[in-house]
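Read off the chains here:
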Amino acid sequence: TREMDTVTVVGKSVVQQLRESPFTVNALETKRFANATADLNQVLNRTSGIRVREQGGVGSDYNFSINGLSGKAVRFFVDGVPLEIMGSAMSLNNIPVNLAERIEVYKGVVPIDLGADALGGAVNVVTGTQATNYLDASYSYGSFNTSRAALNGQYVHQPTGLLVKTSAFYNRSDNDYLMRGVEIWDENEYDYVAKNFKRFHDRYHSAMGQLEAGFVDRKWADAVFASFAYSGYDQELQTGVEQQIVYGDVTRKGHGMNASLRYRKNDFLAEGLNVNLFASRSGDYATITDTAMYKYEWDGSRAVSSRAEMGGSRSLVHISRPRTYARGNATYALDERHSFNVNYTADLIKNSTYDEMIEDGDDVPSYLDKHMAGLAYQQRFWDGRLSNIFFGKYYGIGIAQSRILSFDTDGSIIYQRKDDFFSHWGYGLASKYDLLPGLGIKASFEHAYRLQEAEEMFG
């Protein structure tokens, strides 16, 4: 028997390594929120530099800003995959916090491995891949008949190493909160007066279910998974742009389906070469109903109108947007001081819109193709005290649409096909220098572009 001196091993967690990278990034571990019935928006709203302003209750639109930049300038990801490919029902104010292991918030410049055209930052929700059995479930009930339920579980078959994960959530609310000081016309006063009214047409339902199966820590793969997800929502619309105009029958509902494959392997074919591949096929379908010929007031009363509630003719619009998404990323470490990263992303969207209320309506499809490629070079000097990342990006966007050219002799529509493709180049750098242990400075710059989204091109 021999007694040895104490050996102390010091290491840095993934979260700490991210914080010390040249990029301005906050990494939040969600363990301390495990027993909270909160969504990701509520957690992130407590983070410095982030403000979330929701327009209403559960399921309402929201404005997410990072250091003052908001809207489409900020991108959202789950395990490095854009959130929107999972369907329009998936958003940060729907996802419960216990589905995430950590949340990465990039403020400003975003690394090329996300394949993002972000101008103001990005949020990446990272889920766990530990080969352990667990089950986590939660349910909460609150005001306005609001219910939230979430389920997150995993099972590992030890003889084969097969890992099966499931996650699901359900949200619903009547959203019948009080609107204070709403101005309506009073016949007795013969003037506009301010009164308080409850919302009566703002019910919201959303749900998501996902099943994943795969292997981790194999000789041929660090992680390989196949997954299928389904999500859906059903929403009543109470108001439009103006609070004075109130709806009583307008609804919006939709669902999305997604099938994907992911593969990750370190030291792939050669030492220091890491690859990460992802491919998915998804469909997003929505129906917007505005067929009632009434004009509603805040007290719930209605009068027959010559126009639909949204101000035009009656409409029953069906929107179909199948999508193919693929991303490939490779990192090669030449040595301890020099490494390279290359990334390519392709996002192909087909849009088809059809209105049942229009006679002889046509659903001539349109197409939107987005391509992004990036190349980065990272150098480390002086035992890692100085780190620099230089990168370049390629942006490509293609649009194919059909427009009405003329009418045939029998009254049928003659369409003209129009195709365009635009290319742009971006570049940037990020640097970090450690002045003292625990004290350093960072600087980053990027010349970037943002590519249009499907709803911006097609409505």
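Everything here concerns the structure above.
Residues numbered from 1 in each chain as written. Predicted model: local features only at pLDDT ≥ 70, side-chain atom pairs only at ≥ 80, totals over all residues. Heavy atoms only, no water.

> So what about the overall build of the protein chain? Which residues, and what values?
A tally of regular secondary structure across the protein chain gives three helices and 25 strands. Principal axes of the C-alpha set define a box for the protein chain whose edges measure 95 × 55 × 50 Å. Taking all 459 residues of the protein chain together, the buried fraction comes to 44%. Relative to all contacts within the protein chain whose residues are 6 or more apart in sequence, the contacts with residues 24 or more apart total 62%. In the structure as shown, the protein chain presents an accessible area of about 24,800 Å², 53% of it carried by carbon and sulfur atoms. Between the mean site of the 47 positive side-chain charges and the mean site of the 56 negative ones, the protein chain shows a separation of 6 Å. (Helix = DSSP H or I, 4+ residues; strand = E, 2+ residues; numbered from the N terminus. Buried < 20%, exposed > 50% of the residue type's maximum accessible area, 1.4 Å probe, protein only. Contact = heavy atoms within 4.5 Å. Areas by Shrake-Rupley, 256 points an atom, 1.4 Å probe, with all protein chains shown as cover. Lys, Arg positive; Asp, Glu negative; His and termini not counted. Charge placed at Lys NZ, Arg CZ, Asp CG, Glu CD.)

> Explain unusual backbone geometry to me, using residue names and the numbers behind them.
In the Ramachandran plot, Phe144 falls in the positive-phi region, its phi being about 60 degrees despite a non-glycine side chain. Within the secondary structure, Phe144 is located in the loop between β9 (134–142) and β10 (146–157). If you check the backbone angles, Leu269 has positive phi at about 65 degrees while not being a glycine. Among the secondary structure elements, Leu269 is positioned in the loop between β16 (251–265) and β17 (273–290).

> Residue-level account of the pairing of strand β5 (residues 74–78), with values.
Across the five residues that make up β5, a large majority, five, are buried. Residues Val74, Phe76 and Val78 line one face of β5 and the alternating positions Arg75 and Phe77 line the opposite face, and both faces are buried. Pairing of β5 with strand β8 (residues 121–126) involves five bridges; the strand directions are parallel. Within the sheet, the bridge partner assigned to Phe76 lies in β8 and is Val123. Bridge count between β5 and strand β6 (residues 81–82): two bridges; the pairing is antiparallel. Counted as the bridge partner of Phe77 is Pro82 from β6. A loop of two residues connects β5 with β6, the two strands running antiparallel in sequence, and Asp79 in this loop sits at a positive phi of about 55 degrees. (Pairing = 2+ DSSP bridges.)

> Tell me about the sheet that holds β5, and please be specific about residues and values.
Reading across the sheet, the five strands line up as β1-β7-β8-β5-β6 and stay open at both edges, with mixed pairing between neighbours. Because the sheet does not close on itself, it has two edges, and the strands there are β1 (25–29) and β6.

> So what's going on with the nonpolar core? Residues and values would help.
Counting residues in each nonpolar core, the largest one holds 31 residues, and the members touching the most others are Leu40, Leu44, Phe64, Leu92 and Ile103. Broken down by secondary-structure element, the contributors of at least two residues to this core are α2 (40–44), β2 (50–54), β3 (62–66), β5, β7 (102–107) and β8. Not counting residues within four places of it along the chain, the set of residues in contact with Leu92 comprises Asp39, Leu40, Asn41, Leu44, Tyr62, Phe64, Phe76, Leu83 and Val125. Formed by 18 residues, the second largest nonpolar core is a distinct cluster that contains Phe77, Val110, Ala122 and Ala430. (Core = buried A, V, L, I, M, F, W, Y, C linked by side-chain atoms within 4.5 Å.)

> Which residues make up the environment of Glu446, and what are the values?
Relative to the helices and strands, Glu446 is located in strand β25 (residues 439–447). With residues up to four places along the chain from it excluded, the contact list for Glu446 reads Val109, Val110, Ala118, Phe391, Lys393, Tyr395, Tyr427 and Gly428.

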